[in-house]
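Examination of the molecular architecture
The chain contents come next:
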Amino acid sequence: MESRVQQLHIMFFPHLSHGHMIPTIDMARVFARHGVKVTIISSPLNAPLISEILEKDKQIGLEIGIRIIKFPSAEAGLPEGCENLASTTSPQMFNNFFKALSLLQQPLEEILEECRPNCLVADTAFPWATEVAAKFGIPRLIFHGTSYFAICAFLCILRYEPHKNTVSDSEYFTLLGLPDHIQMTKLQQPSYFNGVDDEQKKMADLSVQSEVTSYGVLGNSFKELEPAYSEHYRNVLGRKAWNVGPVSLCNKEIEEKSLRGKAASIDTHECLKWLDSKQPNSVLYISFGSKYKFPHAQLLEIAKGLEAAGQDFIWVIKNEDKDELLEEFEQRITKNKKGLIIKGWAPQVLILENEAVGGFMTHCGWNSVLESISNGVPMIIWPLYAEQFYNEKLVTQILKAGVSVGAKECSRSIDAKKISVKKEDIEKSMKRLMVGEEGEEIKRRAKELKEMARRAVEEGGSSYSDIRDFLEEMRANFG
Ligand code: UDP
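Predicted model, so just to flag it, every value in this text is computed and none were measured.

The rules we used
Residues numbered from 1 in each chain as written. Predicted model: local features only at pLDDT ≥ 70, side-chain atom pairs only at ≥ 80, totals over all residues. Heavy atoms only, no water. Helix = DSSP H or I, 4+ residues; strand = E, 2+ residues; numbered from the N terminus. Rg over C-alpha atoms; globule rule 2.2 N^0.38 Å. Buried < 20%, exposed > 50% of the residue type's maximum accessible area, 1.4 Å probe, protein only. Contact = heavy atoms within 4.5 Å. Areas by Shrake-Rupley, 256 points an atom, 1.4 Å probe, with all protein chains shown as cover. Lys, Arg positive; Asp, Glu negative; His and termini not counted. Charge placed at Lys NZ, Arg CZ, Asp CG, Glu CD. Near = heavy atom within 4 Å. Polar contact = N/O pair within 3.5 Å; in protein donor to acceptor, adjacent residues only side chain to side chain.

**A short note on the overall build of the protein**
From N to C terminus, the protein includes 18 helices and 15 strands. In summary, the protein has a C-alpha radius of gyration of 22 Å against a globular reference of 23 Å for 479 residues, a match within 12%. Taken along the three principal axes of its C-alpha coordinates, the protein extends 60 × 55 × 45 Å. The buried share among the 479 residues of the protein stands at 60%. Summarising the internal contacts of the protein: among those between residues at least 6 apart in sequence, 72% fall at separations of at least 24. Accessible surface, the protein as shown: approximately 19800 Å² in total, 50% of it carbon and sulfur. In the protein, 57 side chains carry a positive charge and 65 a negative one; their mean positions are 2 Å apart.

**A few points about the site of the ligand**
The immediate surroundings of the ligand are formed by 19 residues, with Ser 290, Ala 346, His 363, Ser 368 and Glu 371 found nearest. Here Lys 318 contributes a side-chain N or O atom positioned 2.9 Å from an oxygen atom of the ligand. Ala 346 is positioned such that a nitrogen or oxygen atom in its backbone is 2.7 Å from a nitrogen atom of the ligand. A total of 530 Å² of accessible area belongs to the ligand in isolation, and the protein chains cover 96% of it. Taken together, the elements giving at least two residues each to the shell around the ligand come down to α1 (18-33) and α14 (366-374). Among the elements that take part in the shell around the ligand, α14 stands out by supplying 4 residues, more than any other.

**Quick look at the side chain of Asn 84**
As for its placement among the helices and strands, Asn 84 is situated in the loop between β3 (64-68) and α3 (91-102). Judged by its relative accessible area of 6%, Asn 84 falls in the buried class. A polar contact of 3.0 Å, which involves the side chain of Asn 84, links it to the side chain of Asn 46. In this structure, Asn 84 is in contact with Leu 16, Ser 17, His 18, Met 21, Asn 46 and Phe 97, ignoring residues within four places of it in sequence.

Given below as structure tokens:
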């Protein structure tokens, strides 16, 4: 560990959404293991979600702490207690949440004034953080929380506007300027390109601008995973970037894995015992991230698909309200031991690393993709919103580590209203991955990627070396 005199102090400012908070905390913990003092900024209700895991790090001598920032819920028109994007329940609340984030500029300045770190790593959700950091003469690094592929695809569409030449929303257009021949439709694009949400578009524009003025980007990815795209990002788009992932691999012990994000809504040992009673590679894990809620009709369609495919499964459901037909389904599958339903929060990383798990039906949120890859689990891709249709292209077409379920349209909110995939397609995709010949090659590829991921974070690996290079540059210029 480096001496106190030279010790770098890096401040992390994560977006208050699980999909961004979780990897930022992991990243901060990775940096602390490299001898850096780290401070994580969080809000009163989010801080308890991370304090227990950080206490354990402190006990082994790491310099890691939290600074609380007051979250302006009331000022932004949000109900008291709404401090995480997952607590928003309507598009209006969603937009108000981003308004609240924009009010954190002044409090951030006060924290920087008091703590005087050497460097600020702030989420892309805080485009103004670059200017705030500049006031204190320190560099601002951006954390996007997604793949280089998705960022490059987004920037290419922004630059060349190929979607403007299509006559219908379902006509394919080519993403010009990318290293591979990628085709997509307008329906698959995030709301940004469909002009339906001005507030979110404004936010995204500011983020893109701040990328140009920031010092660089820390990517939760690794060189061997998407080499053409991390190079494209650096050399063609001209950004400075370091790969630091997959950061979830910093969690080694069962306890830290089960504390990740939130406390699990199921007894972790019971869940693992259930998995241990199953054959290797026989269980499909189904989860759509930290916040997405399906309409009940879609949940029933999934249930029918599962029963038709006959596959053992663990299914995570975020909906809180009850449904009679779904309860009957749950009783049936509990009785015949075919499945386990987790209502609320699942210990995802522990599930994915269990050898009984042979597939992951995922919405293609970037953390889920990386966690699947890090554990050699092939995927069934069901993209829902944001940049997930881009990640689908990366996983199915370039990495060849998954099959598509056939979703066609990017949702405008995290609370869907209609059925987007039918029972037949759900069943077909499960059979393709879990039992078909096609699945064998995809499984082999997933195992290969797992080895690459694990090597990348070991001493001497590509991400390990990128972190060392980054810290050296920070010490030389700002230490
Ligand atoms: N996660 C979890 N349990 C759950 C749901 C999500 O541990 O029940 C974690 C998951 O492991 C991942 C993150 O939450 O680290 C979700 O991030 P992702 O990018 O996959 O999706 P998002 O929630 O941002 O859409």
